[in-house]
Amino acid sequence: MTVSSLLHSRQRAAVAGGVGTRTIFAQQALNAELWDVDGKRFIDFAAGIAVNNTGHRNPVVMSAVAEQAERFTHTCFHVAPYEGYVKLAERLNALAPTGTENRTMLVTTGAEAVENAVKIARAYTGRAGIVAFSGAFHGRTMLGMALTGKVMPYKKNFGPFPADIYHAPFPNSYLGISTEDAIAGLERLFSADVDPERIAAFIVEPVQGEGGFNVAPKEFLVCLREIANRHGIVLIADEVQAGMARTGKMFGFEHAAVMPDLVTMAKGLAGGFPLSAVTGKAEIMNSAHPGGLGGTYAGNPLSVAAANAVLDVIESDKLCDRAAEVGRRITERLNAIASRQGMENIGEVRGLGAMVAFELVKDRQSKAAAPQIMNRIVAEAEERGLILLSCGTRLNVIRLLPPLTIEWEILEEGLDILEASIEAGCSSSTASPAA
Ligand SMILES: Cc1ncc(COP(=O)(O)O)c(C=O)c1O
């Protein structure tokens, strides 16, 4: 019996069944490699779901955290504030692309950042309604689930959800939903369901993460900005997954040159330490009353030290440029694989920067989802030593999120394993028509 399987039995006996996990029990990790408790090596194309953009145990991040741990690990910012928090706020204020003076607040998880952005937008506008988009993912808290536009596995059995949340269509060129269709859906929502003057905010991901790496077209974000201006609606960019250099720019919204009012960040912000932020226009951010925002652990000193180091690494290692190159190499390889005969189960390769995914279908004409093939490829890759993640509302998309610091030879090795896994996963689909 392996150590992993033993730990799995203990997990089944001790951990709630709703906490879904993969089968790799981690022992150690460095940059883009991870070793399990049985000594098996994996190349990590998941990066803890886009968290370790700066790699596992980045030395700059580790030494900043170690130094902070020598001084203090927690005071609660509301009780005894510390400089690291203020410094990080200054830096995020300078980076967030709102086009004006900003303010920042820190919390701990992506869902908490989303919740706080909604609180702030409601305080600023005096309105309740929020419009999110189909296929969106905004977290697992009650409000996060309500905003999420993907039922399985996030919303099933957990309702009722908070009121005054509406969903409009998100463009999806692969499935024939154009920007015009999506905007027409939003206009229908405003004429049939809710008065736009009751809407406090739009919340939108520049690239839908869990939803399947659907990139928001530039003209869609431009339209949203224009509609938000027309009705006095706050535009929230949820950059929890796409932010922090992942797409080749610091924030995904920058590709469209559209300025949001508020930006939510988490994941890649603190290189593996729990931290999230809301940064946005000072006038909006300052509308919540003193004491209305924060939390016991919000802006933990160790996480803040990590985040300041992450920003240093993004700058010194030119990680925006590197993300673009990582994405280019992955996309080139995937397109080459998809163009080969026998690879018709790859319906589309898409993404932005180092946020690349491919959609698995039964055939390119029907575009019917093939989640079984997706599962087989993920399992084949795991067997061969590569960690992959799935996503997509139809549960048929594989997303690639390696650390942006991945060594080039390890990226190529990972892509070789990916290619072999796709070949194995797709060829057994030809053998079994039931797939
Ligand atoms: C766009 C987006 N928003 C919010 C969240 C929620 O973040 P967390 O899991 O840290 O609460 C996620 C997590 O995947 C996300 O991708």
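The structure this text deals with has already been given above.
**Considerations on the overall build of the chain**
- A tally of regular secondary structure across the chain gives 13 helices and 17 strands.
- Its C-alpha atoms give the chain principal-axis dimensions of roughly 60 × 60 × 45 Å.
- For the chain, the proportion of its 435 residues judged to be buried stands at 55%.
- Put simply, the chain shows about 17,900 Å² of open surface, and 55% of that area lies on carbon and sulfur atoms.
- The average position of the 40 basic charges and that of the 47 acidic charges among the side chains of the chain differ by 4 Å.

**Details of the sheet that holds strand β17 (residues 397-400)**
- Pairing is antiparallel across the open sheet formed by four strands, whose spatial order is β13-β14-β17-β16. Both edges of this open sheet fall to β13 (346-352) and β16 (389-391), since each of them pairs with a single strand only. Taking each pair of neighbouring strands and ignoring which way they run, the sheet shows an average axis angle of 30°.
- In the sheet, β16 pairs with β17 via three bridges, with the strands oriented antiparallel. Looking at β17, one finds that L389 is bridged to R399.
- Together, β13, β14 (355-360) and β17 form the strand contacts of helix α11 (residues 319-338), whose direction differs from that of β13 by roughly 170°.

**Observations regarding empty space enclosed by the protein**
- Under the definition given, this model contains one cavity of 30 Å³ or more.
- If you add up the space inside the largest cavity, you get close to 60 Å³.
- Looking at the largest cavity, the residues that line it are N172, L175, G211, G212, N214, R350, E359, G392, T393, R394, N396 and V397.
- In the lining of the largest cavity, the residues fall into two nonpolar, seven polar and three charged.
- The two domains that each donate at least three residues to the lining of the largest cavity are domain 1 (3-54 + 318-429) and domain 2 (59-316).

**So, the sheet that holds strand β5 (residues 129-133)**
- In spatial order, the strands read β4-β12-β11-β10-β7-β5-β6; together these seven strands make up an open sheet with mixed pairing. In this open sheet, the two strands that pair with only one neighbour each are β4 (102-107) and β6 (165-168). Averaged over all pairs of adjacent strands, the angle between their axes in this sheet comes to 20°, without regard to strand direction.
- In the sheet, strand β10 (residues 234-238) pairs with strand β11 (residues 262-265) via three bridges, with the strands oriented parallel. Among the inter-strand pairings, A237 is bridged to a residue of β11, identified as V263.
- Sitting on the sheet, helix α5 (residues 110-125) is in contact with β4, β5, β6, β7 (199-204), β10, β11 and β12 (276-281), with an inclination near 30° to β12.

**Focus: the environment of V234**
- The residue V234 is located in strand β10 in this model.
- Here V234 falls in the buried class, since its relative accessible area comes to 2%.
- Put simply, V234 and A266 are 32 residues apart on the chain and 20 Å apart in space, counted from C-alpha to C-alpha.
- Ignoring any residue separated from it by four or fewer positions in sequence, one finds V234 in contact with A121, Y124, T125, A200, A201, F202, D261, L262 and I284.

What counts and what doesn't
Residues numbered from 1 in each chain as written. Predicted model: local features only at pLDDT ≥ 70, side-chain atom pairs only at ≥ 80, totals over all residues. Heavy atoms only, no water. Helix = DSSP H or I, 4+ residues; strand = E, 2+ residues; numbered from the N terminus. Buried < 20%, exposed > 50% of the residue type's maximum accessible area, 1.4 Å probe, protein only. Areas by Shrake-Rupley, 256 points an atom, 1.4 Å probe, with all protein chains shown as cover. Lys, Arg positive; Asp, Glu negative; His and termini not counted. Charge placed at Lys NZ, Arg CZ, Asp CG, Glu CD. Pairing = 2+ DSSP bridges. Axes fitted to C-alpha atoms, helices over the stretch in contact; angles between N-to-C directions. Contact = heavy atoms within 4.5 Å. 1 Å grid on protein atoms, 1.4 Å probe; cavity = no way out; pocket = protein on both sides within 12 Å on 5 of 7 lines; lining within 4 Å. Points joined across faces, edges and corners; volume = space filled by probe spheres on them. Nonpolar A, V, L, I, M, F, W, Y, C, P; charged D, E, K, R; others polar. Domains from an automatic or database assignment.

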